[in-house]
Amino acid sequence: MDVWTAMHNDKVFVSKYMKPLEVGLVKDQHETELQADFRQMRKYVEDNKLLDANYLFYIANFVSIVLMEIVAYQILSRFGIGWIPYLITALILTTAQAQLGWLQHDFGHLSVFKSRRMNHIAHQIIIGHMKAASSHWWNFRHFLHHSKPNIIKKDPDIDISYLFLLGENLPKYFGQKKRGFMPYNFQHKYFFVLGPPLLLPFYFHFENLYFVLKRRDWLDLLMTISFFTKLGWLYGPILGGWGTFGMYMFVRFLESHWFTWVTQMNHIPCDINWDKDKDWFHLQLESTCNVEPGIFEDWFTGHLNYQIEHHLFPTMPRHNYHKIAGLVQSLCKKHGVDYRCKTLLDGFADIIRSLEKSGQMWHDAYYHE
């Protein structure tokens, strides 16, 4: 019940599609006090319109990104391709792409417009035409992640055992079964080579292309082509064909570090386990953690430093997370649920600590059990 309520903002519309699939009614299990309190909080959120977006926030966000792209182009076109203007342009484009990543995330979660259709159109334009990725690919991966965060074989974000083993349970399982071909006890070291540097430039490009071709998603492919057409039209006369491609890959390389560290600090250090059929509140709190708020932290992470609130209310506009954070903390305190919040640097460091711990657990299980 809670997961369906959380993931859909237009329940009447969604119910029309579910009606033909109905095979029976499932009687809800006994409602615990925690579930009752959380559902009361959900009612508070809806009654106080905390699921309604402030359009000025998103307009300002979008305009700032467009201005960054204009400034980046003007710098390179006016000052030439010396290493200083080249580097400044790359840094500005990286910032614009990172912020576009957070912006498309809002539209993908149906957090901006009342209309699902308008959210989907905006999402397709931003992630496709402005970021060269598939909106349907993102929806497929990300909604699975939110439904079952950090659940083995159900959350695609942790299905990376070909390179990394995460948490405590999977390393033990792989070690005992003598599985895996990577030296996982060194994964906290090779993460700096195979993790942030390659996630966007290589893994995501391959996954996107494979997804749209397999699904024959020609509209998403067309949006991606429009991105590269615009890129070539703007920067081709300045940098040439290969130079433009080099700039693009350099920007993706820089953005990949930004994206990876921000998105993984909220989940990798948390509980990663097989599906135990936990209730919505416990599942989200045990698989996520927050980073302390602040002007820089909020901007740098796209408000994903409020990861707990985002996972509990995935369709909530991000500018409202701080309004509900205190109530979530109070609910956790009342029911003895751990509400984890750390500094930004601690969040980054915990990724490496967690990888090192998991790798050692695999090593011990592989060679000593």
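Residues numbered from 1 in each chain as written. Predicted model: local features only at pLDDT ≥ 70, side-chain atom pairs only at ≥ 80, totals over all residues. Heavy atoms only, no water.

Moving on to the overall build of the chain. The helix and strand inventory of the chain stands at 16 helices and two strands. Scaling as 2.2 N^0.38, a compact globule of 369 residues should have a C-alpha radius of gyration of about 21 Å, and the chain matches this with 22 Å. Relative to its 369 residues, the chain shows a buried fraction of 50%. For the chain, restricting intrachain contacts to residue pairs at least 6 apart in sequence, the fraction spanning at least 24 positions comes to 73%. (Helix = DSSP H or I, 4+ residues; strand = E, 2+ residues; numbered from the N terminus. Rg over C-alpha atoms; globule rule 2.2 N^0.38 Å. Buried < 20%, exposed > 50% of the residue type's maximum accessible area, 1.4 Å probe, protein only. Contact = heavy atoms within 4.5 Å.)

Turning next to empty space enclosed by the protein. To find leftover empty space, a probe the size of one water molecule is rolled over the atoms. Evaluation of the coordinates by the stated rule reveals three cavities of 30 Å³ or more. What the largest cavity holds in volume is close to 50 Å³. Along the walls of the largest cavity sit Pro-149, Asn-150, Ile-151, Asp-271, Asn-273, Lys-278, Leu-283, Glu-286 and Ser-287, which together make up its complete lining. Broken down by class, the residue content of the lining of the largest cavity amounts to three nonpolar, three polar and three charged. (1 Å grid on protein atoms, 1.4 Å probe; cavity = no way out; pocket = protein on both sides within 12 Å on 5 of 7 lines; lining within 4 Å. Points joined across faces, edges and corners; volume = space filled by probe spheres on them. Nonpolar A, V, L, I, M, F, W, Y, C, P; charged D, E, K, R; others polar.)

For the structure shown, the criterion picks out 19 salt bridges. The partner of Lys-334 in a salt bridge is Asp-37, and the shortest N-O contact between them spans 2.8 Å. Residue Lys-334 is located in helix H15 (residues 321–335), and its partner Asp-37 is located in helix H3 (residues 33–47); the two are separated by 297 residues in the primary sequence. For Glu-255, the salt bridge is made with Lys-131, and the minimal N-O distance between the two is 2.7 Å. Placement of Glu-255 in helix H11 (residues 218–264) and of Lys-131 in the loop between helix H6 (116–129) and helix H7 (135–147) is noted, with a sequence separation of 124 residues between them. Given a relative accessible area of 11%, Lys-131 falls into the buried group. The structure contains a network of salt bridges with shared partners spanning Asp-2, Glu-31 and Arg-39. (Salt bridge = Lys/Arg side-chain N within 4 Å of Asp/Glu carboxyl O.)

In the numbering used here, UniProt assigns the "domain: Fatty acid desaturase" (unreviewed entry) feature to residues 82–341. Each end of residues 82–341 is marked by a C-alpha atom, and these two atoms are 43 Å apart; helix forms 65% of the span and strand 1%. (UniProt positions renumbered as here; feature names shortened; annotations may be inferred.)

To continue, consider the nonpolar core. Nonpolar side chains in soluble globular proteins tend to be buried together. By size, the foremost hydrophobic cluster in this structure holds 30 residues, and its most contacted members are Phe-164, Leu-166, Phe-191, Met-265 and Ile-351. Among the elements of the structure, helix H5 (83–108), helix H8 (169–176), helix H9 (187–194), H11 and helix H16 (344–368) are those that each provide at least two residues to this core. No other element matches the six residues that H16 contributes to this core. Once residues within four sequence positions are removed from consideration, Leu-166 is found in contact with Ile-158, Ile-160, Pro-171, Ile-268, Ile-272, Leu-355 and Ser-358. Core analysis: the second largest hydrophobic core is formed by 27 residues, Ala-53, Leu-100, Ile-126 and Met-247 among them. (Core = buried A, V, L, I, M, F, W, Y, C linked by side-chain atoms within 4.5 Å.)

Here the focus is the packing of aromatic side chains. Here the structure, examined in full by the defined rule, presents 35 aromatic pairs. With 5.9 Å between their ring centres and 40° between their planes, Tyr-55 and Phe-113 make a pair best called tilted. Taken together, the positions of Tyr-55 in helix H4 (residues 55–79) and Phe-113 in the loop between H5 and H6 put the pair 58 residues apart, joining distant regions of the chain. For Tyr-55, a relative accessible area of 40% translates into the label partly exposed. Geometrically, the ring pair formed by Trp-242 and Phe-245 is edge-to-face, given 6.0 Å between the ring centres and 85° between the ring planes. (Phe/Tyr/Trp six-rings, centres within 6.5 Å; stacked < 30°, edge-to-face > 60°.)

All right, on to the side chain of Asn-273 then. Assignment of secondary structure puts Asn-273 in the loop between H11 and helix H12 (280–287). Other than its neighbours up to four places away in sequence, Asn-273 contacts Asn-150, Ile-151, Ile-152 and Asn-169.

Within H9, the full set of buried residues consists of Gln-187, His-188, Tyr-190 and Phe-191. Viewed end-on, H9 has its buried residues packed into an arc of 160°, placing them on one side of the element. Turned more than 90 degrees away from the buried face of H9 sit Lys-189 and Val-193, all of them exposed. (Arc of directions from axis to C-beta.)

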